[in-house]
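Commentary on secondary and tertiary structure
Here is how the chains run, residue by residue.
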Amino acid sequence: MAEQAVTAANSGLVQRMMSVVGAHSLVSSVWGYVDTTIKWCWIPSWLPSWCPTSQIQLQTAEDMMLRCVESPFSKQHVPVSNGNLLWTLTISDERVKDKTPMVLLHGFGGGVGLWAQNLDALSQRRPVFAVDLLGFGQSNRPLFSADAHEAEDQFVESIEQWRAKVGLESMILLGHNLGGFLAVSYSIKYPGRVKHMVLVEPWGFPETPDTVEADRPIPVWIKALGAMFSPFNPLAGLRLVGPLGPTLVQTLRPDFKRKFSSMFADNTVAEYIYHLNVQTPSGETAFKNMTVNYSWAVRPMLQRMDQLQPKIPITIIHGSRSSIDSNLGRTIKDMRPHSRVENITIRGAGHYVYADQPEDFNHRVLEACDEVD
């Protein structure tokens, strides 16, 4: 996810500049061609012939990710509204079945398989549910609203409908990245259902900074490219390269192989990430509509923290090597003087804390939630 991109104002400025030099019509023509091509690549019936993926391949890749999980688990589609289904992994040991369950919400572009190094440990003290968010993984991929508020509500309502269908009275919500943002949004709307929140490197809390342009001037040609490609979904490029996609993931993100090196010596993780993210875009499109420049939230969560009931404890987990602002935890703590807010830094971990240092992460999560019945 790019940290700097072109703002809407920049886009308008660039368009005016291109119009002056007579380049606007050319760019429009190029954009029209590329847009048509991208949309063609997104038609599900064409995906198998261009992108080497399918629902069966995604399922197989997930099975490979979970093959080292020792605890017995089940997987099923849980029905929610409008005929949609949320893919759910459940681990529930008979000894802890009466404890408040923990629900894991992955981040942007993730899926239940990425919790492979955490499931055994976290399920020792309470039932654990890992869910593919609506529009991601093996859950249904419906059409989301283009409005940021409405798209967020679609995510939140699908979680609430899932909870009711599974039959959970209350839960601990643990969310990474986008999952952390949605955990808070859900807790604001349904506070009685949440006993504790664990926010792992959460996305979407700060407001969009207004000093980026002044502090770091962006060349005009970069602004032009940004204006031209801003309508694309974040992962459009991965689909556009077609059969080169799997190699591209392995080349650009070799760190994922290292993160799971204790489990896999092959490209299991890269293959899973590839198949997760070249299916028909749905949650990805919703995320784009909820962001400014792919980085900042249209509706920043810090502006709404006062709507969250003080009784809900929050644990915020941050990786010491992460590029995410580590001051977020202190900011939230200052905003909630009458609430329990705990900040934890995991040494040697980046943004994917749960995969970078799984043993330390698991221990700290269990410790933080130990007081929850």
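Scope of this entry: the structure provided in the associated data block. (Residues numbered from 1 in each chain as written. Predicted model: local features only at pLDDT ≥ 70, side-chain atom pairs only at ≥ 80, totals over all residues. Heavy atoms only, no water.)

1. Observations regarding the overall build of the protein chain
Looking only at helices and strands, the protein chain has 17 helices and ten strands in total. The buried share of the protein chain, reckoned over its 373 residues, is 52%. Sequence separation of at least 24 residues holds for 77% of the intrachain contacts in the protein chain that already meet a minimum separation of 6. When the accessible surface of the protein chain is summed, it comes to about 16,900 Å², and 55% of that surface belongs to carbon and sulfur atoms. (Helix = DSSP H or I, 4+ residues; strand = E, 2+ residues; numbered from the N terminus. Buried < 20%, exposed > 50% of the residue type's maximum accessible area, 1.4 Å probe, protein only. Contact = heavy atoms within 4.5 Å. Areas by Shrake-Rupley, 256 points an atom, 1.4 Å probe, with all protein chains shown as cover.)

2. A short note on the sheet that holds strand β1 (residues 74–79)
Spatially, β1-β2-β4-β3-β5-β6-β9-β10 is the arrangement adopted by the eight strands of the open sheet, whose pairing is mixed. Unpaired on one side and paired on the other, β1 and β10 (341–346) mark the two borders of the sheet. Pairs of neighbouring strands in the sheet enclose a mean axial angle of 20°, with direction left out of account. When β1 meets strand β2 (residues 85–91), the two strands line up antiparallel, connected through six bridges. Following the sheet pairing, Lys-75 is matched in β2 by Leu-89. Lying over the sheet, helix α6 (residues 148–166) contacts β1, β2, β3 (102–105), β4 (128–131) and β5 (171–176), oriented at roughly 115° with respect to β1. Against the sheet, helix α17 (residues 358–368) engages β3, β5, β6 (194–200), β9 (314–319) and β10, with an angle of about 165° to β10. (Pairing = 2+ DSSP bridges. Axes fitted to C-alpha atoms, helices over the stretch in contact; angles between N-to-C directions.)

3. Thoughts on the packing of helix α11 (residues 245–252) against helix α13 (residues 268–277)
How two helices sit against one another is set out by the angle between their axes and by the gap between those axes. α13 packs onto α11 with a crossing angle of 125° between their chain directions and a minimal axis gap of 9 Å. Taken together, the axis directions place α11 and α13 in an arrangement best described as oblique. Here the hand of the crossing between α11 and α13 comes out right-handed. Taken together, the residues of α13 that come into contact with α11 (itself represented by Gly-245, Pro-246, Val-249 and Gln-250) are Ala-270, Ile-273 and Tyr-274. Per-class residue counts for the contact of α11 with α13 are five nonpolar, two polar and no charged. (Parallel < 35°, antiparallel > 145°, perpendicular 65-115°, else oblique. Left-handed = near helix turned anticlockwise from the far one by under 90°. Nonpolar A, V, L, I, M, F, W, Y, C, P; charged D, E, K, R; others polar.)

4. Details of the pattern of salt bridges
Summed over the entire model, instances satisfying the criterion amount to 18 salt bridges. The partner of Lys-75 in a salt bridge is Asp-63, with the nearest N and O atoms 2.6 Å apart. Placement of Lys-75 in strand β1 and of Asp-63 in helix α4 (residues 55–65) is noted, with a sequence separation of twelve residues between them. (Salt bridge = Lys/Arg side-chain N within 4 Å of Asp/Glu carboxyl O.)

5. Some remarks on unusual backbone geometry
A positive phi angle is found at Asn-177, which is not glycine, with a value near 60°. By the secondary structure assignment, Asn-177 is in the loop between β5 and α7 (178–189). Its identity is not glycine, yet Glu-201 carries a phi of approximately 45°, on the positive side. Relative to the elements of secondary structure, Glu-201 occurs in the loop between β6 and α8 (212–215).

6. Structural notes on the pairing of β3
Residues of β3 alternate between two faces, with Met-102 and Leu-104 on one and Val-103 and Leu-105 on the opposite face, all of them buried. By the bridge criterion, four bridges tie β3 to β4 in an arrangement that is parallel. The residue bridging Leu-104 from the neighbouring strand is Ala-130, located in β4. Bridge count between β3 and β5: four bridges; the pairing is parallel. Counted as the bridge partner of Val-103 is Leu-173 from β5.

7. Things to note about the packing of aromatic side chains
Aromatic ring pairs are reported here in terms of the distance separating the ring centres and the angle at which the planes meet. For the structure on display, the rule yields twelve aromatic pairs. Note on Trp-115 and Tyr-354: the rings are 4.6 Å apart at their centroids and 40° apart in plane angle, and the pair reads as tilted. Here the residue Trp-115 occupies a position in the loop between β3 and α5 (119–122), and Tyr-354 occupies one in helix α16 (residues 353–356), the gap between them amounting to 239 residues. Judged by relative accessible area, Trp-115 falls into the buried class, the value being 1%. Residue Tyr-354 is classed as buried on the basis of its relative accessible area, which comes to 4%. Here Tyr-352 and Tyr-354 contribute two aromatic rings whose centre-to-centre distance is 6.2 Å and whose plane-to-plane angle is 75°, an arrangement assigned as edge-to-face. The exposure classification of Tyr-352 matches that of Tyr-354, with both residues buried. Between the NZ or CZ atom of Lys-259 and the centre of the ring of Phe-256, over which it lies, the distance is 5.9 Å. (Phe/Tyr/Trp six-rings, centres within 6.5 Å; stacked < 30°, edge-to-face > 60°. Lys NZ or Arg CZ within 6 Å of the ring centre and 35° of its normal.)

8. Concerning α13
Among the ten residues of α13, nine are classified as buried, and the element is accordingly described as predominantly covered. Burial in α13 covers these residues: Thr-268, Val-269, Ala-270, Tyr-272, Ile-273, Tyr-274, His-275, Leu-276 and Asn-277.

9. Here we look at the packing of α4 against α13
One way to put it is that α4 packs onto α13 with a least axis distance of 9 Å and a crossing angle of 145°. For α4 against α13, the interelement crossing comes out left-handed. Across from Gln-57, Leu-58, Ala-61, Glu-62, Met-64 and Met-65 in α4, the residues of α13 making contact are Thr-268, Val-269, Glu-271, Tyr-272, His-275 and Leu-276. Here the residues of the contact of α4 with α13 are counted per class, giving seven nonpolar, three polar and two charged.

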